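# Descriptive analysis of the structure
Chain by chain, the residues:
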Amino acid sequence: MSTTALKDFESAIRQQLSHEGREPVGEDRVTLLKIRQIVAEYNLSQTERQADLDKLIEEGEYEGSYAYDSQLSENETGAAGDLRALLSELAELLP
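Bear in mind the structure is a predicted one, so any value in this text is a computation, not a measurement.

Rules used throughout
- Residues numbered from 1 in each chain as written.
- Predicted model: local features only at pLDDT ≥ 70, side-chain atom pairs only at ≥ 80, totals over all residues.
- Heavy atoms only, no water.
- Helix = DSSP H or I, 4+ residues; strand = E, 2+ residues; numbered from the N terminus.
- Expected span 1.5 Å × (residues − 1).
- Buried < 20%, exposed > 50% of the residue type's maximum accessible area, 1.4 Å probe, protein only.
- Polar contact = N/O pair within 3.5 Å; in protein donor to acceptor, adjacent residues only side chain to side chain.
- Contact = heavy atoms within 4.5 Å.
- Axes fitted to C-alpha atoms, helices over the stretch in contact; angles between N-to-C directions.
- Parallel < 35°, antiparallel > 145°, perpendicular 65-115°, else oblique.

With 28 residues, helix α3 (residues 66-93) extends 41 Å between its outermost C-alpha atoms, agreeing within 8% with the 40 Å of an ideal straight helix rising 1.5 Å per residue. Y68, Q71, N75, D82, L86, E89 and L93 are the residues of α3 that are buried.

As structure tokens, this is what we get:
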């Protein structure tokens, strides 16, 4: 999630909660909601990568076949990139 998208998300959270007639939203609550959103996005990415691998298995591919190993490698590369991005995004939320 880009910095701009994160700021837009934060603004949307504040606006939605203020429309619900609640007290002003504390920074801790907004940060928690942002963390939940970020984690949900990365979980979705992982689920999609696993679904790609599962589809290959359903099609008869197996560990050691080119298609399976290629997808597995792609999944691992994507997961490593996501981990670096996730840590960076979480670090930005630290006080």
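Glancing now at the side chain of N75. When you line up the elements, N75 lands in helix α3. Of note is the side chain of N75, whose polar atom sits 3.0 Å from the backbone oxygen of R49. Apart from residues lying up to four places away in sequence, N75 is in contact with R49, Q50 and L53.

Moving on, we get to the environment of E89. Take E89: it is sitting in helix α3. In the structure, E89 is positioned 55 residues away from K34 in sequence and 9.9 Å away in space, judged by C-alpha atoms.

With that settled, consider the packing of helix α2 (residues 27-58) against α3. Close contact between α2 and α3 brings their axes to 10 Å; oriented N to C, the two are set at 175 degrees. In terms of orientation, α2 and α3 fall into the roughly antiparallel class.

Before going further, it helps to spend a moment on the environment of Q37. Structurally, the position occupied by Q37 is in helix α2. Sequence separation between Q37 and F9 is 28 residues, and the spatial gap between their C-alpha atoms is 9.0 Å.

Just geometry here; none of it tells us what the structure is for.
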